[in-house]
Structures are given as C-alpha cells and as structure tokens.
Amino acid sequence: MRRPIVIVPACKRSKGDHPTHTVQTKYIDAVVQGAGCMPLIVPALGGQTDIDAVLSVADDVMLTGATSNVDAALYGQAVHDPSLPLDPARDATTLPLLRAAIERGIPLFGICRGFQEINVALGGTLHQAVQEVPGMMDHRDRPGDPLDVQYGPAHRVRLAEGGLLAGLLDARDITVNSLHGQGVALLAPGLTVEAVADDGLVEAYTVDGAAFALAVQWHPEWRVTGDAVSMKLFHAFGLACHSYQERIP
Ligand SMILES: N[C@@H](CCC(=O)NCCCC(=O)O)C(=O)O
C-alpha cells in the first residue's frame, strides 16, 4: 500500500525580487521520518485553490509554523504591530482548507502558526502580543540565538488530565520549545484544551468529534527523530493518516 499523503500548505514570501511558495525542510522531514507519510506541498493560491481537488488526494493536512502572523482582521481586530509580517495568501488558503478537512473527517495536525490558524478558522481569537498581556510570559524566541537555542527547551506545559496528549505521552507535563509572539485569547467553540503553560496560555487542543485533529503551539518537528515526545506525536499522526487511508478507498 502506498504511503499516506499529507497535504502541507506553503507560505507565500519573497525571495529577493521573486515571490515564492515555501515550506521549511524540517516539516517535510518530520512527515517522512516521524509519521512515515508522504508530504505533498500545496501552493498558497488562496481563492484559486481547488479544495476538492486537494482533499481528494489527502490522507491528512498538516499546517506548519511560520514567522508571519494570521491577519488580525480575520478575527475582527486591527493589526497591533504593522511591522510584523503577514501572509494573506496563506491565510486565504489554509483557513477554508482546514474547515473543509474537518468537515470531511480528514485528520489534521497544526503546529504553531497552524495551531493559531485552526483556532481563528473555527471562530477563536488571538493575543497579538502575548508578552504585553499582564501576567503572561514572553513566549518569543530570540532570532539572534543559534537555532539549537531557539528551538531548545523553553517552558513547561501541563497536560490536561484524561486528554489525548496525557494518554499518548503518559505524562502530566512536558517541556517544550517556544517561538511565538501570538497565542490563543478566545478558544474557538468545539476545541478542547490539551495543554496549558504556567501562565495559563493554551498550548495544545483537539477538535471535538474528530478522529484525529490535534494542534500544538510548540515545534515537535524540530529534530523530530531525536526527541521521544515529538516522535510519539508524529507517530500518532501517522497512524491517523494510515487509518484514514484504509477507511477511504
Ligand atoms: N507568527 C506567529 C506564529 C509563530 C511561528 O509559527 N513560529 C515559528 C516560525 C519558524 C518555524 O516555522 O519554525 C507568532 O509569532 O505567534
């Protein structure tokens, strides 16, 4: 049997003078080495995307992280810091795509920006600058640090008792990396919290009623094969893809 196909929507960003559609290699490698699946990159075509065509070949959808922010207009707010990058082409691709995937029961895995996209797509909102919210930690990385430091352990998250993650990881809490300035403010209806940081920020959730629809604010794709927790997450994700593939001819 062929490997399950994981749809990975790209970011649209300029490389010099040329607009490009890009996905970071670590996400692609994690799908192959962590989940045992075949990634299929989909360009950020926005409204030109034929969602039926894309999902007709999908056994899963994985939404990656990105330095760009989800446009605050999508949850009814003005952009707080206009100096930070946006990616409207990605927003216009991923939000309708993930809604359709959820409606069809296609497994979904969101990471960082992907975690934020799902929340916004389903009616939630974001803190645009978590570090400016009284009582909240600064969840950002320092771009000048070496990557090993940026993606290194940053803070504890407490896993929801009886939740998917607590069962999957057989743990009450784990330490995660942290590279985000935005975060969940209002959790969308139909999402169940799976993990929270010590400052109360939601760090993971699942979509109610879905066979597998998990989103995490941290980065389990980072050097996935060297991290037991990350491998458990991607292995579970891969099993969900195989189950979906076997269920749908
Ligand atoms: N821009 C959002 C999301 C942050 C995010 O996805 N960070 C990771 C970027 C690099 C990578 O993909 O590893 C925010 O700041 O909250």
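Rules behind the numbers
- Residues numbered from 1 in each chain as written.
- Predicted model: local features only at pLDDT ≥ 70, side-chain atom pairs only at ≥ 80, totals over all residues.
- Heavy atoms only, no water.
- UniProt positions renumbered as here; feature names shortened; annotations may be inferred.
- Helix = DSSP H or I, 4+ residues; strand = E, 2+ residues; numbered from the N terminus.
- Rg over C-alpha atoms; globule rule 2.2 N^0.38 Å.
- Buried < 20%, exposed > 50% of the residue type's maximum accessible area, 1.4 Å probe, protein only.
- Contact = heavy atoms within 4.5 Å.
- Areas by Shrake-Rupley, 256 points an atom, 1.4 Å probe, with all protein chains shown as cover.
- Lys, Arg positive; Asp, Glu negative; His and termini not counted.
- Charge placed at Lys NZ, Arg CZ, Asp CG, Glu CD.
- Core = buried A, V, L, I, M, F, W, Y, C linked by side-chain atoms within 4.5 Å.
- Pairing = 2+ DSSP bridges.
- Axes fitted to C-alpha atoms, helices over the stretch in contact; angles between N-to-C directions.
- 1 Å grid on protein atoms, 1.4 Å probe; cavity = no way out; pocket = protein on both sides within 12 Å on 5 of 7 lines; lining within 4 Å.
- Points joined across faces, edges and corners; volume = space filled by probe spheres on them.
- Nonpolar A, V, L, I, M, F, W, Y, C, P; charged D, E, K, R; others polar.
- Near = heavy atom within 4 Å.
- Polar contact = N/O pair within 3.5 Å; in protein donor to acceptor, adjacent residues only side chain to side chain.
- Sits in = over half its atoms within 2 Å of the grid points.

Under an unreviewed UniProt entry, the name given to the protein is gamma-glutamyl-gamma-aminobutyrate hydrolase, and the organism recorded is Pseudoduganella ginsengisoli. Per its UniProt entry, the protein bears the Catalytic activity (unreviewed entry) comment "4-(gamma-L-glutamylamino)butanoate + H2O = 4-aminobutanoate + L-glutamate". The heading Pathway (unreviewed entry) in the UniProt record of the protein holds the text "Amine and polyamine degradation; putrescine degradation; 4-aminobutanoate from putrescine: step 4/4."

What follows is about the overall build of the protein. Within the protein one finds seven helices and 13 strands. In terms of C-alpha radius of gyration, the protein reaches 17 Å, essentially the compact-globule figure of 18 Å for 249 residues. Overall, the protein is about 50 × 45 × 35 Å in size when its C-alpha atoms are taken along their principal axes. Classification of the 249 residues of the protein by burial places 52% in the buried group. Sequence-distant contacts, at least 24 apart, represent 70% of the contacts inside the protein between residues at least 6 apart. Roughly 11200 Å² of accessible area belongs to the protein as shown, and the carbon and sulfur atoms make up 54% of that amount. Between the mean site of the 18 positive side-chain charges and the mean site of the 28 negative ones, the protein shows a separation of 3 Å.

Attention shifts here to the nonpolar core. Residues Met62, Phe109, Trp218, Phe234 and Phe237 are the most contacted members of the largest nonpolar core, which totals 34 residues. Examining the composition of this core, we find that six residues originate from one element, helix α7 (residues 228-247), more than from any other. Setting aside residues up to four positions removed in sequence, Phe237 forms contacts with Val6, Val31, Ala35, Asp60, Met62, Phe109 and Phe212. Counting residues in each nonpolar core, the second largest holds 33 residues, with Ile51, Leu63, Leu191 and Tyr205 among its members.

Turning our attention to the sheet that holds strand β9 (residues 173-176). Spatially, the nine strands line up as an open sheet ordered β4-β1-β5-β6-β13-β12-β11-β8-β9, and their pairing is mixed. Lying at the two open borders of the sheet, with one neighbouring strand each, are β4 (38-42) and β9. Going across the sheet, the axis of each strand differs from the next one's by a mean of 20 degrees, ignoring polarity. Of the strand pairs in this sheet, strand β11 (residues 191-197) and strand β12 (residues 202-207) are connected by five bridges, and their pairing is antiparallel. Residue Leu191 lies in a different strand from β12, and its bridge partner there is Val207.

Empty space among the atoms can be located by rolling a probe the size of a water molecule over them. Summed over the entire model, instances satisfying the criterion amount to one cavity of 30 Å³ or more. One number sums up the size of the largest cavity: a volume of about 50 Å³. What lines the largest cavity is simply Asn69, Val70, Ala72, Val79, His80, Asp81, Leu84, Leu86, Gln128 and Gln182. Split by residue class, the lining of the largest cavity holds five nonpolar, four polar and one charged.

Before going further, it helps to spend a moment on the pairing of β11. As judged from the three bridges shared by strand β8 (residues 155-159) and β11, these two strands associate in the antiparallel manner. Counted as the bridge partner of Arg158 is Val196 from β11. Here β11 folds back onto β12 in antiparallel fashion, the turn holding four residues, of which Gly200 has a positive phi close to 95 degrees.

Glancing now at helix α4 (residues 113-121). Within an α-helix, residues lying three or four positions from one another point in the same direction, as the helix has 3.6 residues per turn. Buried residues dominate α4, accounting for nine of its nine residues. Within α4, the full set of buried residues consists of Arg113, Gly114, Phe115, Gln116, Glu117, Ile118, Asn119, Val120 and Ala121. Looking one or two places after α4, you find Gly123, whose phi comes out positive at around 105 degrees.

On to the site of the ligand. By nearness alone, 17 residues border the ligand, and Lys26, Tyr27, Ala66, Asn69 and Tyr151 come closest of all. A distance of 2.8 Å is found between a nitrogen atom of the ligand and a side-chain nitrogen or oxygen belonging to Asn69. In this structure, Gly181 approaches the ligand through a main-chain N or O atom, which is 3.0 Å from an oxygen atom. The cavity that encloses the ligand is the largest pocket. Looking at the shell around the ligand, the elements with two or more residues in it are α1 (25-34) and α4. Here the shell around the ligand is composed, by residue class, of five nonpolar, ten polar and two charged.

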